[in-house]
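# Secondary and tertiary structure notes
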Amino acid sequence: MKIRSAINEDVHAIHALIVELAVYEKEPDAVVNTVVQLEKDLFERKICAALVAENEAGEVIGFALYYFGYSTWKGQTIYLEDLYVKPAFRQHGVGDMLFEEVCRIGKESGVKRMDWQVLAWNEPAINFYKKKNALLDPGWINGRLFF
């Protein structure tokens, strides 16, 4: 397995994994982002970044998409938008490698905090983050508007 920064040629595979993640999260019709927009946001606008996990055959089997944010209390932060590994490759450390690489990038960038969300019903993900000694704070309510 190999973790590396995403390149333009990975966009179709990343988008396919995003759709697969939406199906897993019981929102199969929720993805409105396109391959073209994802490529623009990753490589032209650079408003987010992605890592990919490759198997021995060079197939993209997982990804982590993140971006930098800002906390008025802490300063610069990193936000892990999504981390997903194809089911056949779970339990082999791929998620760990992706997560740790995002952490490394954050630390090297001097961020003070890493944030993400996990669905309350997603016990495998909750257990994964608990193993990382992550604070899973039930005291915050997520707010969201769609435009």
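Preceding this paragraph is the structure being described.
## Thoughts on the overall build of the protein chain
- Across its full length, the protein chain holds four helices and five strands.
- Each helix and strand of the protein chain, ordered N terminal to C terminal, gives the series β-α-α-β-β-β-α-β-α.
- The C-alpha radius of gyration computed for the protein chain amounts to 15 Å, which stays within 12% of the reference 15 Å derived for 147 residues, consistent with globular compactness.
- Burial statistics for the protein chain: of 147 residues in total, 37% are counted as buried.
- In the protein chain, the proportion of contacts linking residues at least 24 apart, taken out of those at least 6 apart, comes to 55%.
- Carbon together with sulfur atoms contributes 54% to the accessible area of the protein chain, which is approximately 9700 Å² in total.
- For the protein chain, the separation between the mean place of its 17 positive charges and that of its 21 negative charges on side chains is 6 Å.

## A few points about the pairing of strand β2 (residues 49–54)
- Most of β2 sits inside the fold, with five of its six residues counted as buried.
- With four bridges connecting them, strand β1 (residues 2–5) and β2 associate as antiparallel partners. Note on β2: the bridge partner recorded for R4 is V52.
- With six bridges connecting them, β2 and strand β3 (residues 60–71) associate as antiparallel partners. When the bridges of β3 are listed, A53 appears paired with G62.
- Counted along the chain from β2 to the antiparallel partner β3, the turn is five residues long, and its residue G58 has a positive phi close to 85 degrees.

## Notes on unusual backbone geometry
- The backbone of K26 shows a phi angle near 65 degrees, a positive value even though the residue is not glycine.
- Positionally, K26 belongs in the loop between α1 (11–24) and α2 (35–44).
- Unlike most non-glycine residues, N133 shows phi in positive territory, near 60 degrees.
- On the secondary structure map, N133 appears in the segment after α4 (123–131).

## Overview of a nonpolar patch on the surface
- Together, Y24, L119 and W121 line one region of the surface with nonpolar side chains, adding up to about 250 Å² of accessible area.
- Summarising the element assignment, Y24 is placed in helix α1.
- Judged by relative accessible area, which is 30%, Y24 ranks as partly exposed.

## Topic: the packing of α1 against α2
- Where α1 contacts α2, the two axes come as close as 10 Å, and the packing angle between them is 115 degrees. With respect to their mutual orientation, α1 and α2 come out roughly perpendicular. In this structure, α1 meets α2 at a crossing whose hand is right-handed. Residues V11, H12, I14, H15 and I18 of α1 lie in contact with α2, whose contacting residues are V35, L38, E39, L42 and F43.
- Looking at the contact of α1 with α2 residue by residue, the classes come out as seven nonpolar, two polar and one charged.

## Quick word on the environment of Q76
- Its location among the elements puts Q76 in strand β4 (residues 75–85).
- Ignoring anything within four residues of it in the chain, the contact list for Q76 reads F68, G69, Y70, S109, V111, K112 and R113.

Rules behind the numbers
- Residues numbered from 1 in each chain as written.
- Predicted model: local features only at pLDDT ≥ 70, side-chain atom pairs only at ≥ 80, totals over all residues.
- Heavy atoms only, no water.
- Helix = DSSP H or I, 4+ residues; strand = E, 2+ residues; numbered from the N terminus.
- Rg over C-alpha atoms; globule rule 2.2 N^0.38 Å.
- Buried < 20%, exposed > 50% of the residue type's maximum accessible area, 1.4 Å probe, protein only.
- Contact = heavy atoms within 4.5 Å.
- Areas by Shrake-Rupley, 256 points an atom, 1.4 Å probe, with all protein chains shown as cover.
- Lys, Arg positive; Asp, Glu negative; His and termini not counted.
- Charge placed at Lys NZ, Arg CZ, Asp CG, Glu CD.
- Pairing = 2+ DSSP bridges.
- Patch = residues over 30% accessible without salt bridge, like charges linked within 9 Å, V, L, I, M, F, W, Y side chains within 5 Å.
- Salt bridge = Lys/Arg side-chain N within 4 Å of Asp/Glu carboxyl O.
- Axes fitted to C-alpha atoms, helices over the stretch in contact; angles between N-to-C directions.
- Parallel < 35°, antiparallel > 145°, perpendicular 65-115°, else oblique.
- Left-handed = near helix turned anticlockwise from the far one by under 90°.
- Nonpolar A, V, L, I, M, F, W, Y, C, P; charged D, E, K, R; others polar.

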